[in-house]
Amino acid sequence: MMTETEFLQHSDALFTHIETALDDSDLDCETAGNVLTITADDGTQIIVNRHTPNQELWIAAKSGGYHFAHHNGAWLATRDQREFFAVLNEALTAAAGEEMSVPVFQAA
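The shown structure was predicted, so the numbers you read here are calculated from the model rather than taken from an experiment.

### Thoughts on unusual backbone geometry
Move 1: Phi angles above zero are rare outside glycine, and Gln55 is one such case at about 50°.
Move 2: Looking at where Gln55 falls in the secondary structure, it is placed in the loop between β3 (45-51) and β4 (56-61).
Move 3: For Gln55, a relative accessible area of 12% translates into the label buried.
Move 4: With a phi angle near 65°, Gln81 is a residue other than glycine that sits in the positive phi range.
Move 5: Along the polypeptide, Gln81 turns up in the loop between β6 (74-77) and α2 (84-96).

Given below as structure tokens:
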């Protein structure tokens, strides 16, 4: 398990990675505190939230809500072990109406 400081640093870097990857897309990104909001042209939103007490990342999208815990260098869904970026990219593709892909984040 990461320390709280490590979790916050890692999730900050992950949010920046997502925003940078989406810079040239039609999706708008805005970070406020623990929340990264990604908005499509039609108003559809995908919310990426870090939940510090549980050291989890959460995604809220039209397809549902997902919680991810860090295991062996990857963020895996607590229900079905799906990888964070696989779920995020499906949600982004659905929101944008075209194939979207944020590459897996590799922490330094």
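### What to know about the sheet that holds β3
Move 1: One open sheet accounts for six strands, arranged β1-β2-β3-β4-β5-β6; its pairing is antiparallel. The open sheet has two edge strands with one neighbour each: β1 (28-32) and β6. Neighbour to neighbour, the strand axes of the sheet diverge by 20° on average, direction disregarded.
Move 2: Of the strand pairs in this sheet, β3 and β4 are connected by five bridges, and their pairing is antiparallel. Within the sheet, the bridge partner assigned to His51 lies in β4 and is Glu56.
Move 3: Contacts between helix α1 (residues 4-21) and the sheet are confined to β1, β2 (35-39), β3, β4 and β6, with β3 contributing the most and set at about 165° to the helix.

Conventions adopted
Residues numbered from 1 in each chain as written. Predicted model: local features only at pLDDT ≥ 70, side-chain atom pairs only at ≥ 80, totals over all residues. Heavy atoms only, no water. Helix = DSSP H or I, 4+ residues; strand = E, 2+ residues; numbered from the N terminus. Buried < 20%, exposed > 50% of the residue type's maximum accessible area, 1.4 Å probe, protein only. Pairing = 2+ DSSP bridges. Axes fitted to C-alpha atoms, helices over the stretch in contact; angles between N-to-C directions. Contact = heavy atoms within 4.5 Å.

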